[in-house]
Amino acid sequence: MIVLGLETSCDETAAAIVRRRADGSGELLANRILSQEDHAPYGGVVPELAARAHIAHLDRLVAEALDEAGLGFGDLSGIAATAGPGLIGGVLVGLMTAKGLAFAHDLPLIGVNHLEGHALTARLTDGAPFPYLLLLVSGGHCQLLIVEGVGRYERLGGTIDDAVGEAFDKTAKIMGLGFPGGPAVEARARTGNPDRFPLPRPLTGREGCDFSFSGLKTAVRKTLLDLEEVTESDKADLAASFQKAVGDILASRVEAAFAMAGRRLGPEPRLVIAGGVAANAYLREKLKSLCVARGASFIVPPPKLCTDNGAMIAWAGAERLALGLTDGFALSARARWPLTEIASA
Ligand code: KG4
Ligand code: ZN
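Predicted model only: the values in this text are computed from it and were never measured.

Draft legend 1. Representation of the coordination of the zinc ion (ligand 2). Coordination sphere of the zinc ion (ligand 2), protein contribution only: His114 (NE2), His118 (NE2) and Asp308 (OD), at 2.1 to 2.2 Å. Along the chain, the residues donating to the zinc ion (ligand 2) are arranged with the sequence spacing H-x3-H-x189-D. Residue His114 and its partner His118 are located together in helix 3 (residues 114-126), separated by four residues, close to a single helical turn.

Draft legend 2. Inspection of the site of ligand 1 at higher detail. The immediate surroundings of ligand 1 are formed by 17 residues, with Gly139, Asp169, Gly182, Glu186 and Asp308 found nearest. Gly139 is positioned with one of its backbone polar atoms (N or O) 2.8 Å from an oxygen atom of ligand 1. Considered on its own, ligand 1 offers 550 Å² of accessible surface; in the complex 88% of this is hidden by protein. Among the elements of the structure, helix 3, helix 4 (164-174) and helix 5 (181-189) are those that each provide at least two residues to the shell around ligand 1. By residue class, the composition of the shell around ligand 1 is three nonpolar, 11 polar and three charged.

Draft legend 3. Quick peek at the packing of helix 7 (residues 232-261) against helix 8 (residues 281-294). Packing of helix 7 against helix 8 brings their axes to within 10 Å, and their N-to-C directions diverge by 35°. When the axes of helix 7 and helix 8 are compared, the crossing they make is right-handed. Contacts from Gln243, Lys244, Val246, Gly247, Asp248, Leu250, Ala251, Val254, Glu255 and Phe258 of helix 7 reach helix 8 at Tyr282, Leu283, Lys286, Leu287, Leu290, Cys291 and Arg294. In the contact of helix 7 with helix 8, the residues fall into 10 nonpolar, two polar and five charged.

Draft legend 4. Molecular detail of the sheet that holds strand 2 (residues 12-20). Strand order across the open sheet formed by five strands is 3-2-1-4-5, with mixed pairing between neighbours. Each edge of the sheet is formed by a strand with only one pairing partner; in this case those strands are strand 3 (26-35) and strand 5 (109-113). Direction aside, neighbouring strands of the sheet carry axes that sit 20° apart on average. In the sheet, strand 1 (residues 2-7) pairs with strand 4 (residues 78-84) via four bridges, with the strands oriented parallel. Following the sheet pairing, Leu6 is matched in strand 4 by Ala81. In this fold helix 1 (residues 47-69) packs onto strand 1, strand 2 and strand 3, with an angle of close to 30° to the strand it touches most, strand 2. Against the sheet, helix 2 (residues 88-104) makes contact with strand 1, strand 4 and strand 5, and its axis sits at roughly 160° relative to strand 4, the strand it touches most.

Draft legend 5. Molecular detail of the packing of aromatic side chains. Per the stated rule, a full pass over the model turns up four aromatic pairs. Ring geometry for Phe103 and Phe329: centres 5.8 Å apart, planes at 80°, overall edge-to-face. Here the residue Phe103 occupies a position in helix 2, and Phe329 occupies one in the segment after helix 9 (311-322), the gap between them amounting to 226 residues. Residue classification places Phe103 among the exposed residues on the basis of a relative accessible area of 64%. The partly exposed category is assigned to Phe329, whose relative accessible area is 43%.

Draft legend 6. A look at the pattern of salt bridges. Considering all chains together, one arrives at 24 salt bridges under this definition. With a closest N to O distance of 2.5 Å, Asp195 and Lys244 form a salt bridge. Linking Asp195 in the loop between helix 5 and helix 6 (214-226) with Lys244 in helix 7, this pair joins segments that are 49 residues apart in sequence. Asp195 sits in the exposed class, given a relative accessible area of 55%.

How each quantity is defined
- Residues numbered from 1 in each chain as written.
- Chains lettered and ligands numbered in written order.
- Predicted model: local features only at pLDDT ≥ 70, side-chain atom pairs only at ≥ 80, totals over all residues.
- Heavy atoms only, no water.
- Donors = N, O, S within 2.8 Å, 3.2 Å for Na, K, Ca; no water.
- Helix = DSSP H or I, 4+ residues; strand = E, 2+ residues; numbered from the N terminus.
- Near = heavy atom within 4 Å.
- Polar contact = N/O pair within 3.5 Å; in protein donor to acceptor, adjacent residues only side chain to side chain.
- Areas by Shrake-Rupley, 256 points an atom, 1.4 Å probe, with all protein chains shown as cover.
- Nonpolar A, V, L, I, M, F, W, Y, C, P; charged D, E, K, R; others polar.
- Axes fitted to C-alpha atoms, helices over the stretch in contact; angles between N-to-C directions.
- Left-handed = near helix turned anticlockwise from the far one by under 90°.
- Contact = heavy atoms within 4.5 Å.
- Pairing = 2+ DSSP bridges.
- Phe/Tyr/Trp six-rings, centres within 6.5 Å; stacked < 30°, edge-to-face > 60°.
- Buried < 20%, exposed > 50% of the residue type's maximum accessible area, 1.4 Å probe, protein only.
- Salt bridge = Lys/Arg side-chain N within 4 Å of Asp/Glu carboxyl O.

So this is what it looks like as structure tokens:
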């Protein structure tokens, strides 16, 4: 089964092709991504600019993906596109393109929930078997779920204010480190002292596994204001202290989630992390050692498949297609679409 996947829900325009074999294993055949540069001057994604840039580049990326895989439309088994959640103009561009291609080439259409794309990527890259505990950490989302099967997600907890990627982006903005913030904060943190600034770790140690980041963000702002003159090494220390606080918060919540999930994760518990923030090397190491200490397996896709990409959409599309879960042309784009509301087999 070979599926083309389109991703256009934020500021990455992406097209990729994956193969899913009958035994459930996968292979990435082509992966084209354009990270839009139109937004940097504004310090955040401008939805209208993003949608226009998707229109300008998507057709070319699809042609390049087919070229890279050495395939034509006749070789495909289906066309998948992000149908939400995301910036509605961008989602519309990808979904309407997929509908046009599916109609023209008489192929099944699969509308994919962007979060399900992140959630299932570890099955493409590492063959992760169900069930697993999933920490989904991106620019718009921060939640812990038990993944029991395709379309079968139980939410254990989530953020009560900002998403963790948003906290990285805002921290970078406050410190003048540019956009997107996650990679900039990580780079600065590498040379900083993570123990210099005592920052809060909201909700850690509490029952349940909800997250909160707004108090941390405020503390970063206040710490910066309290410094008389902000040097480059102050910025590095603050980035490192912030990143360490995020690591402690995530670790505390994952511990709580393992306790809540208990036997439902089976005899060999697994943690999968996904979403853009899972590209962070410090956080990957931190959560890996937590898993080693508990005797759990730790699975995280390579960084370029953690941030938004087309492969995750093609793969989730292939998993759904294998179960006969396709969509009609009446399918609508959705700005909001919780993972727990999607159809399952
Ligand atoms: O999954 P993603 O590409 O888009 C969304 O669906 O939101 O995630 C983007 C988020 C941004 O907030 C970005 O700053 C963050 O992931 N991010 C990182 C890193 N790379 C991307 N955060 C921390 N460290 C990184 N290396
Ligand atoms: Zn994403």
